[in-house]
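Okay, here's what each chain looks like letter by letter:
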Amino acid sequence: MASKALFKYLPGHQAGASASVSVLVNGAVVRMSPAASLAAGLLAAGITAVRVSPVGQGARAPYCMMGVCFECLVDINGRPNQQACLITPQDGMEVTTMQAAPCALPQQEAKHV
Ligand code: FES
């Protein structure tokens, strides 16, 4: 039974486009299509654990792919907690998976909690 795909390419891109960009992920070059989100590119490259849960320290992977679950948080060009599923990969982008549990409080305040 044929079905129509629910995933759509980003505006300005076409299915089967061969263009790719180089993204530095944890220091390694990863080629991915700019026609899909950064989260999709990471998953396609086999990078599934993009952050660590602050509850239980378990590895987390992109889940909803539409900006709702916040499971896809990564550091992009030095800015932490960026939703990879809402970002288009760009040449030279530096992505770091978040291996430590995030902390919303500055370090001095966090010591007193
Ligand atoms: S995968 Fe759910 S917010 Fe990004």
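Residues numbered from 1 in each chain as written. Predicted model: local features only at pLDDT ≥ 70, side-chain atom pairs only at ≥ 80, totals over all residues. Heavy atoms only, no water.

Section: the sheet that holds strand 5 (residues 73-76)
The strands making up a sheet associate through hydrogen bonds between their backbones, and the pairing can be parallel or antiparallel.
Stage number 1. Strand order in this open sheet of five strands is 2-1-7-5-6, and the pairing throughout is mixed. The open sheet has two edge strands with one neighbour each: strand 2 (28-32) and strand 6 (79-83). Here the strands of the sheet are splayed against their neighbours by 40° on average, with no regard to which way each runs.
Stage number 2. With two bridges connecting them, strand 1 (residues 21-25) and strand 7 (residues 94-97) associate as parallel partners. Across the sheet, Val25 pairs through a bridge with Val95, a residue of strand 7. (Pairing = 2+ DSSP bridges. Helix = DSSP H or I, 4+ residues; strand = E, 2+ residues; numbered from the N terminus. Axes fitted to C-alpha atoms, helices over the stretch in contact; angles between N-to-C directions.)

Looking at the environment of Ala45
Stage number 1. Within the fold, Ala45 resides in the loop between helix 1 (38-44) and strand 3 (51-52).
Stage number 2. Linking Ala45 and Arg31, residues 14 residues apart in sequence, is a C-alpha distance of 8.1 Å.

Some points on the confidence of the model for the protein chain
Stage number 1. Residue-level pLDDT values for the protein chain average 84, and 73% of them are 70 or greater.
Stage number 2. When mean pLDDT is compared element by element in the protein chain, strand 1 scores highest at 97, while helix 2 (residues 107-111) scores lowest at 48.
Stage number 3. Contacts of residues 109-113 to residues separated by more than four positions or lying in other chains number three contacts, the stretch itself having pLDDT below 50. (pLDDT = per-residue confidence, 0-100. Contact = heavy atoms within 4.5 Å.)

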